[in-house]
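# Structural overview for review
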Amino acid sequence: MLDVRRLQMLRAVARSGSLSAAARHLGYTQPAVSHHVARLEAEVGTALLTRLGRGVQLTDAGLALVEHADAVLSRLEAAEEDVAAIAGLRAGRVRLAAFPSASATLMAGALTRLRAEHPGVAASFVEAEPEDALPLLRAGELDLALAFSYPAVGERDGRDLATVPLLHDPSLAVVPAGHPAAAGERPVRLGELAEETWIAGCERCRRHLLHIAAADGFTPRIEFATDDYMTVQSLIAAGLGVSLLPALALRAARRPGVAVRPVAGDPGRTVEALLLAAERRPPAVTAMLAALHAAADDLAAEPESAALGLRAAHP
């Protein structure tokens, strides 16, 4: 492998026409430049310069090598400029995924802030549930994934992941608008709804419901299951059951005909950003995390969110 510094010296000699002029341009002594050119000649096994009095002339081999050196050094200079642009957030990219209710609430604010503060950073986004996003994150196809976790319910193997909390997302009781539990000041105990027909959501949400219902002394009778929060609310509005929904889902879309009540003990989940564990993160990813934190703060401060109990969370 040819030494890049020696190629720079040969190119400088070719442009200036002498070893001494090249030395002045590069900030070296003339003997140092002469030494490095001699070492380069030893590496390639042929003469690169012909000495002509005070100047030099490139041999055919020297001319050929300088032509390639121009291309190599130009690419290296371009690489340095690209890296500097990425480090300075004048360029770069971040690829992320989010589950549907986070997509509908957090993502627009975060992406808008990122674009306003760092217009040179390209951001791409796909909607995916955490179990679908994690394989993409681990395969290097994503830089960041928005996910959620419930206490004591099916913790993921996160030894290779860094977890950054963004929001506390409370679980809320959702009942038909005319239900006896729809009115009142105090939080609802789930046991008060033990005799109701229940509508369950995703698998982890279902396990969360079973976990907190067991703590309140009953097993819910689940007759309907759907991941679609609007379908859940439609079934509730029709009087077909009750459910436990995340505040974030209700913040994203609220159907008429349902009543929402806080639950005793403030059960809920943590909305979090997941990244592969690393000592240093690319600048664009760090900027995206900052934008997500700011968007979470803004969302939690909105009156509608505060009424649902959404709260910003920081590590």
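Anyway, here's the lowdown on the structure attached to this text. Note that this is a predicted model, so its numbers are computed, not measured. Numbering of residues starts from 1 in every chain and runs along the sequence as written. Local features in this predicted model are restricted to residues of pLDDT 70 or higher, and side-chain atom pairs are both shown and tallied only at a pLDDT of 80 or more, whereas totals for entire chains, interfaces and linings draw on every residue. The side-chain values count all of the structure's non-hydrogen atoms but skip hydrogen atoms and water molecules.

A few words on the overall build of the chain. For the chain, the count of helices and strands is 11 helices and 12 strands. For 315 residues, the compact-globule formula gives about 20 Å, and the C-alpha radius of gyration of the chain, at 31 Å, lies well above that figure. Judged by the C-alpha coordinates and their principal axes, the chain covers about 105 × 35 × 30 Å. The buried label applies to any residue whose accessible area, calculated with a 1.4 Å probe on protein chains only, is under 20% of its type's maximum; exposed applies above 50%, and partly exposed to all values in between. Burial statistics for the chain: of 315 residues in total, 45% are counted as buried. A separation threshold of at least 6 residues defines the contact pool for the chain, and within that pool the share at least 24 residues apart is 72%. For the chain, the exposed area adds up to about 15,800 Å²; of that, 53% sits on carbon and sulfur atoms. Looking at the chain, you have 31 positive and 37 negative side-chain charges, and the mean spots of the two groups are 6 Å apart. Starting at the N terminus, helices and strands are each numbered in turn, a helix being any DSSP run of H or I of at least four residues and a strand any DSSP run of E of at least two. Computation of the radius of gyration draws on C-alpha atoms, with the globule rule given as 2.2 Å multiplied by the number of residues to the power 0.38. Residue contacts are counted whenever heavy atoms from the two residues lie within 4.5 Å of one another. Accessible surface area values rest on a Shrake-Rupley calculation with a 1.4 Å probe, where residue burial reflects the displayed protein chains alone. Charge counting treats Lys and Arg as positive and Asp and Glu as negative, with His and both chain ends excluded. In plain terms, the charge of a residue is placed at NZ if it is Lys, CZ if Arg, CG if Asp and CD if Glu.

The description of two aromatic rings rests on the distance between their centres and on the angle between their planes. Any pair of Phe, Tyr and Trp rings, taking the six-membered ring for Trp, is counted once the centres come within 6.5 Å. Such a pair is stacked with planes under 30 degrees apart, edge-to-face with planes over 60 apart, and tilted for the rest. Per the stated rule, a full pass over the model turns up 3 aromatic pairs. With a centroid separation of 5.9 Å and an interplanar angle of 75°, the aromatic rings of Phe-148 and Tyr-150 are classed as edge-to-face. Since its relative accessible area comes to 2%, Phe-148 is described here as buried. Ring centres 6.4 Å apart and planes at 35° place the aromatic pair Trp-198 and Phe-218 in the tilted group.

Surface patches are defined over residues having more than 30% relative accessible area and no salt bridge, joining like charges when they lie within 9 Å and nonpolar side chains (Val, Leu, Ile, Met, Phe, Trp, Tyr) when within 5 Å. By definition, a salt bridge exists where a carboxyl oxygen of Asp or Glu is found within 4 Å of a side-chain nitrogen of Lys or Arg. A surface patch of like charges, here negative, comprises Glu-131, Asp-132, Asp-227 and Asp-228. Along the chain, Asp-227 turns up in the loop between β8 (221-225) and α8 (229-237).

Attention now moves to helix α6 (residues 130-138). Residues of α6 that are buried include every one of Pro-130, Ala-133, Leu-134 and Leu-137, and no others. Here the buried residues of α6 occupy an arc of 105° about the axis, which is enough to place them on one side. Elements in contact with the buried residues of α6: β3 (93-98), β5 (144-149), β6 (161-176), α7 (203-215) and β11 (268-276). Once α6 finishes, Gly-140 follows within two positions and takes phi at roughly 85°, a positive value. This arc corresponds to the set of directions leading from the helix axis out to the C-beta atoms.

Within the sequence span of α8, burial applies to Tyr-229, Val-232, Gln-233, Leu-235 and Ile-236. Buried residues of α8, viewed axially, fall in a sector of 160°; they line one side. Where α8 starts, the residue carrying a side-chain oxygen 2.9 Å from the main-chain nitrogen of Met-230 turns out to be Asp-228. For the purposes of these results, a polar contact is taken to be a pair of N or O atoms within 3.5 Å, where, inside protein, one atom must be able to donate a hydrogen and its partner to accept one; residues adjacent in sequence count only when each atom of the pair is a side-chain atom.

Another point: the pairing of strand β2 (residues 55-58). Each pair of strands is called paired provided DSSP finds at least two bridges between the two strands. Two strands pair when backbone bridges link them, and strand β1 (residues 49-52) and β2 are joined in this way by 4 bridges, in the antiparallel orientation. Among the inter-strand pairings, Leu-49 is bridged to a residue of β2, identified as Leu-58. Here β1 folds back onto β2 in antiparallel fashion, the turn holding 2 residues, of which Gly-53 has a positive phi close to 60°.

As a further point, take unusual backbone geometry. Its identity is not glycine, yet Asp-266 carries a phi of approximately 50°, on the positive side. Looking at Asp-266, the relative accessible area reads 36%, which means it is partly exposed.

So, on to the packing of helix α1 (residues 4-16) against helix α3 (residues 30-44). Describing two packed helices takes the angle between their axes plus the distance from one axis to the other. For helices, the fitted line uses only the C-alpha atoms of the stretch in contact; every axis is such a line through C-alpha atoms, and the angle between N-to-C directions lies from 0 to 180 degrees. Across the interface, α1 lies against α3 with an axial gap of 9 Å and an inter-helix angle of 110°. Classified by the interaxial angle, the pair formed by α1 and α3 is roughly perpendicular. Judged by the twist between their axes, the crossing of α1 over α3 is left-handed. Contacts from Arg-5, Arg-6, Leu-7, Met-9, Leu-10 and Val-13 in α1 reach Val-33, His-36, Arg-39, Leu-40 and Glu-43 in α3. Only Asp, Glu, Lys and Arg are considered charged, only Ala, Val, Leu, Ile, Met, Phe, Trp, Tyr, Cys and Pro nonpolar, and every remaining residue, Gly among them, polar. For the contact of α1 with α3, the residue count by class is 6 nonpolar, 1 polar and 4 charged. For classification purposes, an angle smaller than 35 degrees is called roughly parallel, one larger than 145 roughly antiparallel, one from 65 to 115 roughly perpendicular, and anything else oblique. Crossing chirality is assigned from the near helix's rotation relative to the far helix, an anticlockwise turn below a right angle marking it left-handed and a clockwise turn marking it right-handed.

Turning our attention to the nonpolar core. One recurring pattern in soluble globular proteins: nonpolar side chains tend to sit buried together. Judged by nonpolar contacts, the single largest core of 51 residues is most densely connected at Leu-106, Leu-144, Leu-146, Leu-167 and Met-288. Per-element tally for this core: the top contributor is helix α10 (residues 283-301), with 11 residues. Non-local contacts of Leu-146, meaning those with residues more than four positions away in its chain, are made with Ala-97, Ala-98, Phe-99, Ala-102, Leu-106, Met-107, Pro-130, Leu-166, Glu-272, Ala-273 and Leu-292. The term nonpolar core refers to a set of buried residues drawn from Ala, Val, Leu, Ile, Met, Phe, Trp, Tyr and Cys, joined through side-chain atoms within 4.5 Å. Core analysis: the next-biggest nonpolar cluster, separate from the first, contains 18 residues, Leu-19, Val-33, Leu-40 and Leu-65 among them.

This brings us to a nonpolar patch on the surface. A surface patch of nonpolar side chains, amounting to about 200 Å² of accessible area, comprises Val-4, Val-72 and Leu-76. On the secondary structure map, Leu-76 appears in helix α4 (residues 60-87).

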